[in-house]
Amino acid sequence: MNKHDRARTLREVADLVAQGLVPPAAQAELEGVASRYAVAITPELARLIDTSDPADPIARQFVPSAEELVAQAGERADPIGDHAYSPVAGIVHRYPDRVLFKLIHVCAVYCRFCFRREMVGPGKETALSDSAYQTALDYIRSHREIWEVILTGGDPLMLSPRRLSEVINDLAAIDHVRIIRIHTRVPVADPARISGEMVQALKVNGTTVWIALHANHARELTMRVRAACGRLVDAGIPMVSQSVLLRGVNDNIGALEALMRALVECRIKPYYLHHGDLAPGTAHLRTTLEAGQELMRALRGRVSGLCQPEYVLDIPGGNGKSPVGPTYLERAQNIAAGKDEGGNETRYRVADYCGEVHLYPPGR
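First things first, this report covers the structure right here in the doc. Bear in mind the structure is a predicted one, so any value in this text is a computation, not a measurement. (Residues numbered from 1 in each chain as written. Predicted model: local features only at pLDDT ≥ 70, side-chain atom pairs only at ≥ 80, totals over all residues. Heavy atoms only, no water.)

In the contact formed by helix α5 (residues 130-142) and helix α6 (residues 161-172), the axes pass within 11 Å of each other and the chain directions differ by 30°. Classified by the interaxial angle, the pair formed by α5 and α6 is roughly parallel. Once α5 is placed against α6, the crossing between them reads as right-handed. On α6, the residues touching Tyr133, Leu137 and Ile140 of α5 are Arg163, Glu166, Val167, Asp170 and Leu171. For the contact of α5 with α6, the residue count by class is five nonpolar, no polar and three charged. (Axes fitted to C-alpha atoms, helices over the stretch in contact; angles between N-to-C directions. Helix = DSSP H or I, 4+ residues; strand = E, 2+ residues; numbered from the N terminus. Parallel < 35°, antiparallel > 145°, perpendicular 65-115°, else oblique. Left-handed = near helix turned anticlockwise from the far one by under 90°. Contact = heavy atoms within 4.5 Å. Nonpolar A, V, L, I, M, F, W, Y, C, P; charged D, E, K, R; others polar.)

See the structure below:
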């Protein structure tokens, strides 16, 4: 059976073998991976995998690897520290003006680099109970500093349109919640799910809903995916993107440039390029920070400012995101004040997009 015959989500290693996505000799070893970390590849994504390419960037994101059972020093089950900032079930309150609201713990597709891989998938808690949901809403209501609620999980768009509409309306009824952001892979993994009913469920009066789409390679943005994103944007729902810098997927300037341009063509503003988190068994997919900085420097010189994401690192332990992109400015003199001892203005060295260094202010 060829890749165009795949008509259902692949959830078992035997399914991957049958579809030619992994060799039969690897089945036993990969069963061990699948018993620990969830596997799911939707028909939309399975169709994109080139089985003749052992380094296919789509397969590398979703097809399990024996390398996932190799733990490295420093890796941890909760790499970004959600638990340390969770005052009640379902809520992560790390930053003053916003919270994560984790409604559901299932996804349409399971990424092999997921930082919540120990918390999502079959066998894990699938959704908040009714009482936990109400407690989470009460927490948001009682903290008037919360301006933005970020729906995450799992993937919130795995909820039915009816349930999603209920959640969005519950949040919109809280007067200090002005922004609802939804983190999702669904438009890429299952674009047909972005139906008219789903789009309508995302619309609400009085509160602005944003969609943050997770995509890591330009090939993910097929015509069906572009149409699904178009339905959202045409309905007045603004979109941004989140991508993860992944070895063998997008860690070369050609792939990164193509991804960012494709997103902007879809009316999606690149937002974050995440450095890979220290999730267990993901070392083979992480790059170095230096490699990421060099890619960002190269991207700056090649594409429009519309195509520039912010390269960020989630500091392990719950200390939040920090920008870790390259720097372009340094003092030309080791002078602490704005002027030197003679009253002359301090000068700086600033690098342009070609790597040439200039003094600012320029000499007279």
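Now, onward.
Next up on the list: the pattern of salt bridges. Taken as a whole and assessed by the stated rule, the structure comprises 24 salt bridges. Between Glu44 and Arg224 there is a salt bridge, and its shortest N-O distance comes to 3.0 Å. Taken together, the positions of Glu44 in helix α3 (residues 43-46) and Arg224 in helix α9 (residues 223-234) put the pair 180 residues apart, joining distant regions of the chain. Shared partners join several salt bridges into a network, and the residues in it are Asp82, Arg94, Lys102 and Arg116. (Salt bridge = Lys/Arg side-chain N within 4 Å of Asp/Glu carboxyl O.)

All right, on to unusual backbone geometry then. A cis geometry characterises the amide bond from Gly153 onward to Gly154, with omega recorded as 15°. In this structure, Gly154 sits in the loop between β3 (148-152) and α6. A positive phi angle, near 65°, is found at Arg267, a position not held by glycine. Among the secondary structure elements, Arg267 is positioned in the loop between α10 (253-265) and β7 (268-274).

Turning our attention to the layout of surface pockets. A water-sized probe rolled over the atoms picks out the places where empty space is left. When its volume is computed, the largest pocket comes out at roughly 970 Å³. Here the residues of the lining of the largest pocket sort into 26 nonpolar, eleven polar and 13 charged. By volume, the second largest pocket is sized at about 420 Å³. Along the walls of the second largest pocket sit 23 residues, with Leu21, Pro54, Ala59, Val63 and Pro64 positioned nearest its centre. (1 Å grid on protein atoms, 1.4 Å probe; cavity = no way out; pocket = protein on both sides within 12 Å on 5 of 7 lines; lining within 4 Å. Points joined across faces, edges and corners; volume = space filled by probe spheres on them.)

The next thing to look at is the sheet that holds strand β12 (residues 357-360). The antiparallel open sheet is built from three strands, whose spatial order is β10-β11-β12. This sheet does not close on itself; its edge strands, each paired only once, are β10 (329-331) and β12. For this sheet, the mean inter-axis angle between neighbouring strands, taken without regard to orientation, is 30°. Across four bridges, the pairing between strand β11 (residues 348-351) and β12 is antiparallel. (Pairing = 2+ DSSP bridges.)

Counting residues in hydrophobic clusters, the biggest one holds 92 residues, and the most contacted among them are Phe101, Ile140, Leu151 and Leu171. Other than its neighbours up to four places away in sequence, Ile140 contacts Ile91, Val99, Phe101, Ile146, Val149, Leu171, Ile174, His176 and Val177. By size, the runner-up hydrophobic cluster in this structure holds five residues, among which are Ala38, Ala40, Cys107 and Val120. (Core = buried A, V, L, I, M, F, W, Y, C linked by side-chain atoms within 4.5 Å. Buried < 20%, exposed > 50% of the residue type's maximum accessible area, 1.4 Å probe, protein only.)

Our focus in this paragraph is the packing of aromatic side chains. Per the counting criterion, the structure on display carries two aromatic pairs. Here Phe101 and Tyr133 contribute two aromatic rings whose centre-to-centre distance is 5.8 Å and whose plane-to-plane angle is 15°, an arrangement assigned as stacked. Here Tyr133 lies in helix α5 and Phe101 lies in strand β2 (residues 98-102), a separation of 32 residues in the sequence. A single burial state applies to Phe101 and to Tyr133, both of which are buried. Their ring planes at 20° and their centres at 4.1 Å tell us that Tyr271 and Tyr272 sit as a pair that is stacked. Since its relative accessible area comes to 14%, Tyr272 is described here as buried. In this structure, Arg98 is placed above the aromatic ring of Tyr95, and the distance from its NZ or CZ to the ring centre is 4.1 Å. We note Arg163 situated over the ring of Tyr133; from NZ or CZ to the ring centre the distance is 4.4 Å. (Phe/Tyr/Trp six-rings, centres within 6.5 Å; stacked < 30°, edge-to-face > 60°. Lys NZ or Arg CZ within 6 Å of the ring centre and 35° of its normal.)

As a further point, take the pairing of strand β6 (residues 239-244). The buried count for β6 comes to six of six residues, which makes it a mostly enclosed element. As defined by bridge partners, strand β5 (residues 208-214) adjoins β6 across four bridges and the pair is classed as parallel. Paired with Leu213 across the bridge in β6 is Ser241. Note on the crossover from β5 through α9 to β6: the handedness is right-handed. As paired strands, β6 and β7 are joined by six bridges and run parallel to one another. Opposite Ser241, over in β7, you have Pro270 as the bridge partner. (Right-handed = clockwise from strand over helix to strand, strands pointing away.)

Residues three or four positions apart in an α-helix share a direction because the helix packs 3.6 residues into each turn. Helix length check: α10 (13 residues) gives 18 Å between terminal C-alpha atoms against 18 Å at 1.5 Å per residue, within 8%. Where α10 is concerned, the buried positions are Ile253, Ala255, Leu256, Glu257, Leu259, Met260, Ala262 and Leu263. Considering only its buried residues, α10 is in contact with β5, α9, β6, β7 and α11 (289-300). The distance from a side-chain oxygen at the start of α10 to the backbone nitrogen of Gly254 is 3.2 Å, and the residue carrying that oxygen is Asn252. Following α10 by one or two positions, Arg267 has its phi on the positive side, about 65°. (Expected span 1.5 Å × (residues − 1). Polar contact = N/O pair within 3.5 Å; in protein donor to acceptor, adjacent residues only side chain to side chain.)

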